[in-house]
Number of protein chains: 2
Amino acid sequence: MVPPDRTALVSLAVRLAEAARPLILEHYRSALAVERKGDASPVTIADRAAEAAMRTLIEAAFPDHGILGEEYGTVRGDARYVWVLDPIDGTKAFITGKPLFGTLIACCEDGVPVVGVIDMPALNERWVGADDRGATLDGRPVHARACPDLADALMYSTSPDMFRGVDADRHRALAGHVRHALYGADCYAYALVAGGWSDLVVEASLQPYDYCACAAVIHAAGGAMTDWQGRPIRIDSGGRVLAAGDPALIAAAVSRLQGL
Amino acid sequence: MVPPDRTALVSLAVRLAEAARPLILEHYRSALAVERKGDASPVTIADRAAEAAMRTLIEAAFPDHGILGEEYGTVRGDARYVWVLDPIDGTKAFITGKPLFGTLIACCEDGVPVVGVIDMPALNERWVGADDRGATLDGRPVHARACPDLADALMYSTSPDMFRGVDADRHRALAGHVRHALYGADCYAYALVAGGWSDLVVEASLQPYDYCACAAVIHAAGGAMTDWQGRPIRIDSGGRVLAAGDPALIAAAVSRLQGL
């Protein structure tokens, strides 16, 4: 099935990233006061300014589309098209001066992420993917790589602390069967899979704004992104995700995660 | 006590970094075959080429100085001045396309790291420190920040898997008392402390070439770097290190690590 033309959606997604980037970089590595939310994740002025700017652009371009954002919640969540926004994914990276934080922008159609941007302000990299075209890094095509065997896979997770209770055991069961289990890349881990340099990401305790954009980019690059049961990512997939550059890796990873 | 002038040592250290960088970037994000050593750490052609180039420059400039390098071992290890080299710290970051790998260059005097460079090829950042001057990032002075309370500290370690046996319990004991325990920065974690954006690094299973350069940069920035007993880093400190932007943090961290 040929997907509809996504040009208008991709164009807006890129404009959102362009609008967010300077608002975020303005506060990076500054002596910015850090607030705390109920979940103790650091939230910055930059986070809010960037999301507000993106919401304004979406409302102007597609007033009937829905928006789900980390900072300002959901409007028109039952619309056919819903934009899913995380202005700063990796706020802990951001506040520690580590350049691996990113801006995540997705557009979901009937709940499926069809357009995604992973924008890396401090690295000056923009990853874009959509289901009617491939994925690109700063305009150049990127492709996920083949890696059919779990034993060869280079795998990232942001932190071991994101796996709670039995999820920690499941993560360890999977980590014991890959070549290297690595940490600390936030959304950039998904970009590295899309770029063909890493093979697998396993994460938990995520929100839709953490995974929708990544799923669109990974799929556009030829990879696969699913929940821990191997079902393709939707906006309501829940917090446990798997991303693989080689779709053949998903079944092996699911089997290890569910083997307990 | 005023330390001797380090201009000649700093000048050579910077030349080493300049020589290593293009040899490393040439192979970054390429389809480079990865070899395995006995310890299963990935070693690349880039690693070897960069260390060989640095050794040639040291031999030409200071033929009586010692050299301890990750790839080619030790010569004149009992010399008063010993250069300690890790061409690619963070080889797993390197092979996964993650830009946080670095080149570590130290010069030790009587076993004490007095000059250090943390060069970040993919980030295009060069951190330099010496005991007769401050620390700089690309020539601009940087300073570690005050953080006297462990409860406020932002702490990095490369991976939870670097802590083995009782060290894992000790790391958890410390991690439970900081504001955030984060992962995945390799040598860049030390640079972030020197820059005043992070507060603490705790690591284990390291080699002298992993920590000597970091110690010189951290000290020059006003921080402290010690072993897990709080003793200042020397070339033979062993694999367990602590780095703090605020020297007052060291005692509190040591106390948590030794509290088991």
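Summarised in this report is the structure supplied together with it. (Residues numbered from 1 in each chain as written. Chains lettered and ligands numbered in written order. Predicted model: local features only at pLDDT ≥ 70, side-chain atom pairs only at ≥ 80, totals over all residues. Heavy atoms only, no water.)

## Let's talk about the environment of Asp110(A)
All names here are of chain A.
For step 1, the next point in the chain: Checked against the element boundaries, aspartate 110 lands in the loop between β6 (102-109) and β7 (112-120).
For step 2, the next point in the chain: Spatially, the C-alpha atom of aspartate 110 lies 8.9 Å from that of isoleucine 235, the residues being 125 residues apart in sequence.
For step 3, the next point in the chain: Ignoring any residue separated from it by four or fewer positions in sequence, one finds aspartate 110 in contact with Arg80 and Arg234. (Helix = DSSP H or I, 4+ residues; strand = E, 2+ residues; numbered from the N terminus. Contact = heavy atoms within 4.5 Å.)

## Overview of the sheet that holds strand β15 (residues 241-244) of chain B
All names here are of chain B.
For step 1, the next point in the chain: Pairing is mixed in the open sheet, where five strands are placed in the order β12-β11-β13-β15-β14. With partners counted over all chains shown, the strands left at the sheet margins are β12 (180-183) and β14 (224-227), one partner each. Within this sheet the neighbouring strands show an average axis-to-axis angle of 20 degrees, counted without direction.
For step 2, the next point in the chain: Looking at chain direction, strand β11 (residues 154-157) and β12 are connected through four bridges and run parallel. Among the inter-strand pairings, serine 157 is bridged to a residue of β12, identified as tyrosine 183.
For step 3, the next point in the chain: Across the face of the sheet, helix α4 (residues 166-175) comes into contact with β11, β12, β13 (200-203) and β15 while running at roughly 160 degrees to β11.
For step 4, the next point in the chain: Along the sheet face, helix α6 (residues 208-220) touches β14 and β15 and points at about 140 degrees away from the line of β14. (Pairing = 2+ DSSP bridges. Axes fitted to C-alpha atoms, helices over the stretch in contact; angles between N-to-C directions.)

## Here we look at the pattern of salt bridges
For step 1, the next point in the chain: One pass over the full model with this rule turns up 38 salt bridges over all chains.
For step 2, the next point in the chain: The salt bridge involving Asp236(A) is made with Arg234(A); its shortest N-O contact spans 3.5 Å.
For step 3, the next point in the chain: With relative accessibility at 57%, the residue Asp236(A) sits in the exposed group.
For step 4, the next point in the chain: The partner of Arg55(B) in a salt bridge is Glu51(B), and the shortest N-O contact between them spans 2.9 Å. Taken as a pair, Arg55(B) and Glu51(B) lie in helix α2 (residues 45-61) at a separation of four residues, close to a single helical turn.
For step 5, the next point in the chain: When salt bridges with common partners are traced through the structure, they connect Arg6(A), Arg80(A), Glu109(A), Asp110(A) and Asp131(A) into a single cluster. (Salt bridge = Lys/Arg side-chain N within 4 Å of Asp/Glu carboxyl O. Buried < 20%, exposed > 50% of the residue type's maximum accessible area, 1.4 Å probe, protein only.)

## Quick look at the sheet that holds strand β4 (residues 73-75) of chain A
Residues and elements named next belong to chain A.
For step 1, the next point in the chain: The eight strands are arranged β4-β3-β5-β6-β7-β8-β9-β10 in an open sheet whose pairing can be described as mixed. For this open sheet the edge positions go to β4 and β10 (140-142), each flanked by a neighbour on one side alone. Looking at each pair of strands side by side, their axes are set apart by 20 degrees on average, direction ignored.
For step 2, the next point in the chain: Of the strand pairs in this sheet, strand β8 (residues 125-130) and strand β9 (residues 135-137) are connected by three bridges, and their pairing is antiparallel. Residue pairing across strands places tryptophan 127 opposite leucine 137, the latter belonging to β9.
For step 3, the next point in the chain: Along the sheet, helix α2 (residues 45-61) contacts β3 (66-69), β4, β5 (81-89) and β6; its crossing angle with β5, the most-contacted strand, is approximately 160 degrees.
For step 4, the next point in the chain: Packed on one face of the sheet, helix α6 (residues 208-220) meets β3, β5, β6, β7, β8 and β9 and runs near 100 degrees to β7.

In short, geometric facts, not functional conclusions.
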